[in-house]
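# Structural description and commentary
Below, each chain spelled out in residue letters.
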Amino acid sequence: MSRDIQNDVEAASRAADQMAVCLAREVGDGEFVFHGVNSPLPMVAIFLAKKLHAPRCTLISVAGAVDPEPERLPFSTNDPRLCAGAAALFSNPDAYDLFARGGFDLMFLGGAQIDKAGRVNMSYIGDPAAPKVRLPGGGGGSVIMPQAGRTVIWRTVHDTRTFVPKVDFVTQTGNLSRVVTPLAVLCMKEDGIELESVHAGSTAEEVAERTGFSLDLSGDIPETLPPADEELAALEELDPEGVRYSEFPVLRAAKREVSI
Amino acid sequence: MSRDIQNDVEAASRAADQMAVCLAREVGDGEFVFHGVNSPLPMVAIFLAKKLHAPRCTLISVAGAVDPEPERLPFSTNDPRLCAGAAALFSNPDAYDLFARGGFDLMFLGGAQIDKAGRVNMSYIGDPAAPKVRLPGGGGGSVIMPQAGRTVIWRTVHDTRTFVPKVDFVTQTGNLSRVVTPLAVLCMKEDGIELESVHAGSTAEEVAERTGFSLDLSGDIPETLPPADEELAALEELDPEGVRYSEFPVLRAAKREVSI
Amino acid sequence: MKLVTLAEAARLVEDGQMIALGGNSLTRTPATFVRELARQKRRDLCLVKTAGAYDIDLLCAAGAVAEVRSGYIGFENMFGLAQAYRRGVESGDVRAVEHACYSVIAGLRAAAYGLPSQPVAGMNGSDVPALTDFRQAEDPYTGERVYMIPQIRPDWAVLHVQHADAEGNARIDGGVFEDVLMSRAAKSVILTSERIVETDFLKEKPERTNIPAFMVRAVVHAPCGAAPGSCHPLYDTDEEAVAAYLKAAVDPERLRAHLAEWAERDHHPAAKG
Amino acid sequence: MKLVTLAEAARLVEDGQMIALGGNSLTRTPATFVRELARQKRRDLCLVKTAGAYDIDLLCAAGAVAEVRSGYIGFENMFGLAQAYRRGVESGDVRAVEHACYSVIAGLRAAAYGLPSQPVAGMNGSDVPALTDFRQAEDPYTGERVYMIPQIRPDWAVLHVQHADAEGNARIDGGVFEDVLMSRAAKSVILTSERIVETDFLKEKPERTNIPAFMVRAVVHAPCGAAPGSCHPLYDTDEEAVAAYLKAAVDPERLRAHLAEWAERDHHPAAKG
């Protein structure tokens, strides 16, 4: 492995750990939280929160169970092994109904494009009638986001293609609380998304440069609380296979290289 | 038992057998049929039809099963024993949905009042705002009757309190096919309910006299096809305890007297 | 641990609240719980049920009921009309909100789905919608006019089940009727259960858990909790006891005796919480 | 007896029909059936699914698809986008009817409940309703404007299950996702099943029968019928096989090879009908 790639791998690993910890801190004890398909970081974060500060939070996952106790965390977040150890299954229609009647405090959603107003695109790049890219779609997002107590968006790249002045298509919006990226934590204020804290290794200026809409840097932007030793230890115990790293292309590539 | 009561008992028993057989004949082979709560005669009739001419009819009952094979017929028609031997349960919401999407060919409903136009009252005698009698209500009737392929009403009394010029309250209406009573079979024609056949032991004139709206007696009113030996034998084998008799007060009283 | 005594669970229900009662007719109804509500002299309840009998009638007899939303309230042929309910409605003490069983289901679905109302097929030609003020909406695609049933969101779903753990995970044997839907429509659930089981027992077949613990506020150990009705596969309806109730229901003194007579069974020694 | 061969069952599906596919993402999807539709060169299908992956993508790759109604079509991080689906939409060959998973559910509910459309909570602020022409209706009680999702009534629900008898009674282990709803919404059901069981086996626990026989037109014995996806508790996703498919999907020749390679497993000798 070259020195450059090794640096990238180390940076991405640190970012993944920082993001997992930031997402976990969003989960309050006793809260109801859901994660959907293709959500490794939120899945790891929720189990981390349950292990640390939120043992009484209730997790319902797209895999269809209430508070599962899987022996190990799978890479697919709707792997049936995510129902192991649950006392009750809970179908997806049932879970969406629970959102609709206001039963969830917190939801983690992805976003291919995000704009200052907190609108999220998971559907199309370009004109939906003749799209440049057909994205996967928002899953349950367009109904969930206006219904969840609060929504946290996570995105493993922080660049001006993601953070845009105006999304090409509004898949979902509403109740946005925070956005967590490899560089920073952003939060939703009255006038739109602002910078809340910057992870160690980056700066407010770098974040602003890699964000396609303006951020108010006039105040004092603190450093994100780095992962505590206890958090890192719990993370390693919970996720020894590195499911949290699977969202980072450079880490997937590195893993393949190592295993070869 | 006095001679008079004995005569009444014999007449009621004959009427119950005739009614059970008439109701069974309504069930076509391969048809989907439902019965609700408090429906001993329809329940017996459906099992009789399955035993004789309609082995491939599908019964779904309010007790919650598809094509049960109970060891004996219970007196309550939503007794859980009516789920015995079924390969699938089917909840009531599921059954009502099946009605709503047109999945049932035939439904048997009761009626406290029935008028010439085929409207059925199961709710109130007198003004609903200050009723003389609060009846049980129509169960699923008001949604079922407009949705079932056809509805057959059964009623174990035939008098001018039941067959009225205009019902006090329309609980349910629509898709009425026939009305079966201890005296006769009536059927729904374009201009309303008419007499189709008269059971042995009664006459068209008696039926007309005991019906509170006009019936056209000008044509030839045939006698109802009496129960065939095969039908009676199957009925006795199917229902040795006389569930079909339980809707007749005189037979309930007689049974109590005998058991004392 | 949500396991409490019958008396404690019944005290959760406040005067004037709306309660959906599980089971159907004389099958798997929360009879023990209903008797305790009567003994605690609860008042002005609004009861929700598709097809009720002993449960609704007893609460009407006890003067606990202001309103009943249902499709059918009656005993079957063997027993006849629900006399206390009938008397309550005829005297004006009880408001009967006329429903079809399916419109009760639709109203519960509206609550479960977070909607102000739920469309329902059928009801054409019936006087029920006008009497109950069910309004129509125009379907925005077909122009068809469809009845919309307003949300029914009970304060409590009170359900009797065969298996529950101390946290409130519950499994129902046999027909579920509207119980699962009621658990989703109500703000919270109170369970009475024939057996209190270990959670590990339910974990063996989580597919069979009908009600997850997080929906449940209280669990009562109530063996024979549906008597004098039936509870599959454990016991059948006790027809003599139902007949005895129907005689008691017409007279306040005898109703008190009925409630007292059942009190010992209801406050089962196992049900300590 | 509804037990037929895979080829016979697939021939029931006609060009241009609407099919709801069971399971979710790479879990318990009717993969064997989908491959057979591709081998039989079915065309112009309209596919319905909340969250799809291999099943939808393969049919798009095979040129079998005119329209997809879904909330999410994609492989997860390990594999990336659903390239054939993406290409189909971007080229205009496949019409993507933009839904949320919950609006797919609402459309299926409308069909199951015999309604022209079903209200759904949420979607405020989203461009999805305008793009897909979801219209609003005014709630007749609150005046609130609610999105109504038009009925989705598939010609077929194609579901892969763990247990079915020869008549079509089916039991699902683990998560049911939208399978039960799809069976009610569709005009008829085709089952592929890991095991063909005696009806008596299902009669022991009729509570666990998710789909009653009367809804089902055909049953196919399909061991490993969800592969390369997973089927709880029998097998996990075969990640290498999924990766191999994704390479095959970009090229018609390699796709034919993929379908041919799986043909022998799909036409399982046990699956004689």
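Given the structure is predicted, the values throughout are model-derived calculations rather than measurements. (Residues numbered from 1 in each chain as written. Chains lettered and ligands numbered in written order. Predicted model: local features only at pLDDT ≥ 70, side-chain atom pairs only at ≥ 80, totals over all residues. Heavy atoms only, no water.)

What follows concerns the overall build of chain A. For chain A, the helix and strand inventory stands at seven helices and 15 strands. Across its three principal directions, the C-alpha atoms of chain A cover 50 × 45 × 40 Å. In chain A, which comprises 260 residues, the proportion classed as buried is 62%. Within chain A, counting contacts between residues at least 6 apart in sequence, those at least 24 apart form 68% of the total. For chain A, the accessible area works out to roughly 9900 Å², and carbon and sulfur atoms hold 50% of it. Averaging the positions of the 24 positive and the 37 negative side-chain charges in chain A gives two centres separated by 5 Å. (Helix = DSSP H or I, 4+ residues; strand = E, 2+ residues; numbered from the N terminus. Buried < 20%, exposed > 50% of the residue type's maximum accessible area, 1.4 Å probe, protein only. Contact = heavy atoms within 4.5 Å. Areas by Shrake-Rupley, 256 points an atom, 1.4 Å probe, with all protein chains shown as cover. Lys, Arg positive; Asp, Glu negative; His and termini not counted. Charge placed at Lys NZ, Arg CZ, Asp CG, Glu CD.)

Taken together, the 40 residues of chain C in the interface contact 42 residues of chain B. Regarding the contact of chain C and chain B, the summed buried area is about 3600 Å², with carbon and sulfur atoms giving 56% of it. Inspection of the chain C/chain B interface yields three salt bridges. Taking the shortest distance from any N to any O, the salt bridge between Asp97 of chain B and Arg109 of chain C comes out at 2.8 Å. At the junction of chain C with chain B, the criterion picks out 24 residue pairs in polar contact (both at pLDDT 80 or more). Those elements that place two or more of their residues in the side of chain C that touches chain B are strand 3 (65–73), helix 4 (83–91), strand 4 (95–98), helix 5 (101–112) and helix 6 (128–132) of chain C. When grouped by side-chain class, the residues that make up the side of chain C that touches chain B number 18 nonpolar, 14 polar and eight charged. (Buried area = accessible area lost by both parts, 1.4 Å probe. Salt bridge = Lys/Arg side-chain N within 4 Å of Asp/Glu carboxyl O. Polar contact = N/O pair within 3.5 Å; in protein donor to acceptor, adjacent residues only side chain to side chain. Nonpolar A, V, L, I, M, F, W, Y, C, P; charged D, E, K, R; others polar.)

Taking a probe equal in size to a water molecule and rolling it over the atoms shows the remaining empty space. Following the criterion strictly, the structure yields five cavities of 30 Å³ or more and no others. Estimates place the volume of the second largest cavity at around 110 Å³. Along the walls of the second largest cavity sit 17 residues, with Ala137 and Met148 of chain C together with Pro119, Ala137 and Met148 of chain D positioned nearest its centre. Its residues assigned to classes, the lining of the second largest cavity comprises 11 nonpolar, two polar and four charged. (1 Å grid on protein atoms, 1.4 Å probe; cavity = no way out; pocket = protein on both sides within 12 Å on 5 of 7 lines; lining within 4 Å. Points joined across faces, edges and corners; volume = space filled by probe spheres on them.)

Here we come to the interface of chain C and chain A. Taken residue by residue, the interface counts 16 residues in chain C and 16 residues in chain A. Between chain C and chain A the total buried area reaches about 1300 Å² when both faces are included, carbon and sulfur atoms providing 61% of it. By the criterion of area lost to chain A, the three top residues of chain C are Arg184, Lys203 and Phe214 of chain C, representing 43% of everything that side buries. Our count for the chain C to chain A interface comes out at two salt bridges. One salt bridge connects Glu69 of chain A with Lys203 of chain C, and the closest N-O pair in it is separated by 3.4 Å. Scanning the region where chain C abuts chain A turns up seven residue pairs in polar contact (both at pLDDT 80 or more). Put simply, the parts of the chain that give the side of chain C that touches chain A at least two residues each are helix 5 and helix 8 (199–203) of chain C. Among the elements that make up the side of chain C that touches chain A, the one with the highest residue count is helix 8 of chain C (three residues).

Here we come to the pairing of strand 8 (residues 156–164) of chain D. Residue and element names in this part refer to chain D. Of all nine residues making up strand 8, nine are buried, and the element is well covered by its neighbours. Note: strand 1 (residues 18–21) against strand 8, three bridges, orientation parallel. Bridged to Ile19 within strand 8 is Trp156. As judged from the eight bridges shared by strand 8 and strand 10 (residues 188–196), these two strands associate in the parallel manner. The residue bridging Val161 from the neighbouring strand is Ser193, located in strand 10. Direction of pairing for strand 8 relative to strand 9 (residues 170–171): antiparallel, over a ladder of two bridges. Note that in strand 9 the partner of Ala164 across the bridge is Ala170. Here strand 8 hands over to strand 9 after five residues, with Gly168 in that stretch at a positive phi of 110°. (Pairing = 2+ DSSP bridges.)

Residues and elements named next belong to chain B. Within the element layout of this structure, Glu26 appears in the loop between helix 1 (3–25) and strand 1 (32–35). Of the residues examined, Glu26 reaches a relative accessible area of 11% and is grouped as buried. Between the alpha carbons of Glu26 and Ala45 there is a distance of 8.9 Å; along the sequence they are 19 residues apart. With residues near it in sequence (within four places) discarded, Glu26 still touches Glu31, Leu106, Phe108, Arg150, Val152, Ser177 and Arg178.

Here we come to the nonpolar core. Formed by 260 residues in total, the largest nonpolar core has its most connected members in Phe75 and Leu191 of chain C together with Phe75 and Leu191 of chain D. Once you skip the residues sitting within four places of it in the chain, Leu191 of chain C turns out to touch Leu159, Val161, Ala164, Gly168, Ala170, Ile211, Val216, Ala218, Val219 and Val220 of chain C. (Core = buried A, V, L, I, M, F, W, Y, C linked by side-chain atoms within 4.5 Å.)

The next point concerns the packing of helix 2 (residues 31–39) of chain D against helix 10 (residues 252–266) of chain D. All names here are of chain D. Where helix 2 contacts helix 10, the two axes come as close as 10 Å, and the packing angle between them is 125°. Here helix 2 lies oblique to helix 10, going by the angle between them. Seen from above, helix 2 lies across helix 10 with left-handed handedness. Along the contact surface, helix 2 presents Thr32, Arg35, Ala38 and Arg39, while helix 10 presents His258, Leu259, Trp262, Ala263 and Asp266. Looking at the contact of helix 2 with helix 10 residue by residue, the classes come out as four nonpolar, two polar and three charged. (Axes fitted to C-alpha atoms, helices over the stretch in contact; angles between N-to-C directions. Parallel < 35°, antiparallel > 145°, perpendicular 65-115°, else oblique. Left-handed = near helix turned anticlockwise from the far one by under 90°.)

What follows deals with the sheet that holds strand 6 (residues 135–138) of chain D. All names here are of chain D. Strands sit in the order 5-7-6 across an open sheet of three strands; the sheet is antiparallel. Both edges of this open sheet fall to strand 5 (117–120) and strand 6, since each of them pairs with a single strand only. With strand direction ignored, the average angle separating the axes of adjacent strands in the sheet is 45°. Pairing between strand 5 and strand 7 (residues 145–150): four bridges, direction antiparallel. Residue pairing in the sheet places Val120 in a bridge with Tyr147 of strand 7.

Glancing now at unusual backbone geometry. The amide bond that connects Ala227 of chain C to the next residue, Pro228 of chain C, takes the cis arrangement and shows omega of 10°. Among the structural elements, Pro228 of chain C can be located in the loop between strand 11 (216–221) and helix 9 (239–248). Following His232 of chain D, the chain continues into Pro233 of chain D via a peptide bond in cis, with omega recorded as -10°. Mapped onto the elements of the fold, Pro233 of chain D is located in the loop between strand 11 (216–221) and helix 9 (239–248). The phi dihedral of Asn175 of chain A falls on the positive side, at around 55°, and the residue is not glycine.

Here we come to the domain arrangement of chain C. Residue and element names in this part refer to chain C. Domain annotation of chain C identifies domain 1 (6–99 + 154–268) and domain 2 (101–150). Between domain 1 and domain 2, the residue contacts involve 15 residues of the former and 13 residues of the latter. When the two sides are added together, the surface that domain 1 and domain 2 hide from each other amounts to roughly 1100 Å², 82% of it contributed by carbon and sulfur. Contact with domain 2 buries area across many residues of domain 1, yet Glu98, His99 and Leu181 alone supply 50% of it, more than any other trio. Our count for the contact surface shared by domain 1 and domain 2 stands at zero salt bridges. Listing elements by their share of the side of domain 1 that touches domain 2, those giving two or more residues are strand 2 (45–52), strand 3, strand 4 and helix 7 (179–185). Sort the elements by how many residues they give to the side of domain 1 that touches domain 2 and helix 7 lands first, with four residues. Split by residue class, the side of domain 1 that touches domain 2 holds six nonpolar, four polar and five charged. (Domains from an automatic or database assignment.)

Here we take up the pattern of salt bridges. The final tally for this structure, using the stated rule, is 64 salt bridges over all chains. For Arg56 of chain B, the salt bridge goes to Asp29 of chain B, with nearest N and O atoms at 3.5 Å. Separated by 27 residues along the polypeptide, Arg56 of chain B in the loop between helix 2 (40–51) and strand 2 (58–61) and Asp29 of chain B in the loop between helix 1 and strand 1 bring together distant segments of the chain. Classification of Arg56 of chain B by relative accessible area gives exposed; the value is 59%. Put simply, Asp266 of chain C and Arg35 of chain C hold a salt bridge, and the shortest N to O gap is 2.8 Å. Highlighted residues: Asp266 of chain C in helix 10 (residues 252–266) and Arg35 of chain C in helix 2 (residues 31–39), separated in sequence by 231 residues. Here Asp266 of chain C matches Arg35 of chain C in class, with each residue buried. One continuous salt-bridge network, built from bridges that share partners, spans Asp17, Glu236, Asp239 and Arg244 of chain A.

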